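Structural description and commentary
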Amino acid sequence: MAEKNKGKQVFTVSRIFFLLIVIPLSLMAILIANGIFRLGVTAKERTVTVLDQQSQEEIKARAIVTAEEIASFLMERKKDLLVATIIPATDTAFRQFVQENRKPLWVRQEGKVRQVLALLYPEMSLTDREGNERIKIIDGETVPKTKLGNVSKPEGTTFRSERFFSLARGLNRGEVYLSHVTGWSVNRADFEQGKRFGGIIRLATPIFDRGGFAGVLSLALDYRHLAGFTDHIIPTQAGYFFEAETTTPTGNYAYLVDNRGYVISHPFDYYIPGLREDGTPVAPLTEKRQPGQPLPGDAPLNLNFLGYMDPILPEIARDAAGGSAGVKVYKSGNHTKFVAYAPVPFYSRDYPEPAGFGWVGMALDVDRYNQRALQTSQNIDREAKSWTSTIIVILILSVILLCLIMALLSRGITRSLEAEVSAEAQEAGRRYDDEEES
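So, here is what we can say about the structure in this document.

The rules behind these values
Residues numbered from 1 in each chain as written. Predicted model: local features only at pLDDT ≥ 70, side-chain atom pairs only at ≥ 80, totals over all residues. Heavy atoms only, no water. Salt bridge = Lys/Arg side-chain N within 4 Å of Asp/Glu carboxyl O. Buried < 20%, exposed > 50% of the residue type's maximum accessible area, 1.4 Å probe, protein only. Helix = DSSP H or I, 4+ residues; strand = E, 2+ residues; numbered from the N terminus. Patch = residues over 30% accessible without salt bridge, like charges linked within 9 Å, V, L, I, M, F, W, Y side chains within 5 Å. Areas by Shrake-Rupley, 256 points an atom, 1.4 Å probe, with all protein chains shown as cover. Pairing = 2+ DSSP bridges. Phe/Tyr/Trp six-rings, centres within 6.5 Å; stacked < 30°, edge-to-face > 60°. Lys NZ or Arg CZ within 6 Å of the ring centre and 35° of its normal.

Considering the pattern of salt bridges
According to the stated counting rule, one finds 14 salt bridges in the structure shown. Linking Glu133 and Lys136 is a salt bridge whose minimum nitrogen-to-oxygen distance equals 3.2 Å. The two residues Glu133 and Lys136 agree in class, both being buried. The shortest N-O distance in the salt bridge between Arg202 and Glu162 comes to 2.8 Å. Here the residue Arg202 occupies a position in strand S8 (residues 199-209), and Glu162 occupies one in the loop between strand S5 (141-142) and helix H4 (164-169), the gap between them amounting to 40 residues. On the basis of relative accessibility, which here comes to 1%, the residue Arg202 falls in the buried class. A network of salt bridges, in which partner residues are shared, links Glu76, Arg77 and Asp80.

Encoded structure:
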């Protein structure tokens, strides 16, 4: 009888131990594992769906901010020109003005990317009322008077096609003429050899004296300072990137379009409108290439003429020219492209509302982006399964360990009971049990 009681006590202790420790621990582990699994599923679903929506809004907001920064930059350049009208008309004063107007510019020098303080205005000039240059500063140095020319006709200008003198001459005091991007064309072969587009945006304003119109003051803005607002952006990533798309193409990049629909800043410079050596413009890419027209890759892009690629492209140009920001999806070859666009709110006689200066576009290769999102979701799924497996292993080991502890405790309890009960008491208990049975 005593052996039975002792066995019952041990069983009771084991059962209580199991109910109070092993079962709650097991349930807790199961709940944790299930929670991690569900969290992994939810995170995976949100990675595939919500991230796309969030990225669209973020990219659109970034396009708007960049467009506003460009507008402020252009407004500052306009103010610079008007300030220059009140400084002394001497080569010393002009040279000092040019030298003091610098901004940081990222360039590649000797195989390394570095930031330099570059002149905002590589060219500054003052003409008389006939268009004869009186003072001219190039790259911070005064041009000798023997090399000064007449800019009243386009062929006498730097790019043999500029009409800034005649256009500025018709302006009122305080008004500023702002040209489109002007520079020599860069074809694809030269670009792949390391050549980059270099051009200017010409600003000009009339000068008056007591007799009325006295000449034109002009500044040539280094195009690279404008292009820098979009050239170094990857829409899906924060930070600065130098020619990231040319070295590792991802389909994710920013670009700038003027009010005519021409792409004036792009990772691939051969898409930017340029001039031949005689000053005539290279024709843009169209569906039907006429004899003598450049091949794709040697022709600038004008979104108004790219409807044959996807009708959405000219629609984007029209919408942005109407002053609207938005997002659209279109096809480019075998790729689905997403673009967020925002107008640049800079307006003048040459860039009237609502189109203004143009617009910023931020492109995203949807297929590649979705592939990365899918990879992320798969990583999350693997991580969740890994944690679940780890918890199951820990649970099994914990149960085994607890069972061992329970066995040791039961054995200890048994020994304690045997030690506490004397041999006489055990003998009396056996006799009592025998009498009850008889």
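A short note on a nonpolar patch on the surface
Side chains of Ile396, Leu397, Ile400, Leu401, Leu404 and Ile405 sit close together on the surface and give an oily, nonpolar patch of about 560 Å² of accessible area. Mapping Ile396 onto the fold places it in helix H9 (residues 366-420).

With respect to the pairing of strand S2 (residues 112-119)
Direction of pairing for strand S1 (residues 102-109) relative to S2: antiparallel, over a ladder of 8 bridges. By the bridge assignment, Pro104 is partnered in S2 with Leu117. Remark: 2 residues form the turn of the hairpin made by S1 and S2, two consecutive strands paired antiparallel; Glu110 in that turn has positive phi of roughly 55°.

Quick notes on the pairing of S8
Among the 11 residues that make up S8, 9 are buried, leaving the element largely enclosed by the rest of the structure. Here strand S6 (residues 177-178) pairs with S8 via 2 bridges, running antiparallel. Looking at S8, one finds that Tyr177 is bridged to Ala204. Relative to strand S9 (residues 212-222), S8 is paired through 10 bridges, and the arrangement is antiparallel. By the bridge assignment for S9, Phe208 is matched with Phe213. A loop of 2 residues connects S8 with S9, the two strands running antiparallel in sequence.

Focus on the packing of aromatic side chains
When we look at a pair of aromatic rings, we describe it by the centre distance and by the angle of the planes. The full count for this structure, using the stated rule, is 15 aromatic pairs. An aromatic cluster of three or more residues is present, and its members are Phe191, Phe268, Tyr270 and Tyr271. A cation over an aromatic ring shows up here: Arg77 above the ring of Phe73, its NZ or CZ 4.7 Å from the ring centre. The ring of Phe164 is capped by Arg202, whose NZ or CZ atom sits 4.6 Å from the centre of that ring.

Section: unusual backbone geometry
Here the residue pair Glu353 and Pro354 is connected by a cis peptide bond, since its omega of 0° sits within 30 degrees of zero. Note that Pro354 resides in the loop between strand S13 (335-344) and strand S14 (358-365). The backbone of Arg160 sits at a positive phi, close to 60°, despite the residue not being glycine. Position of Arg160 relative to the elements: it lies in the loop between S5 and H4.

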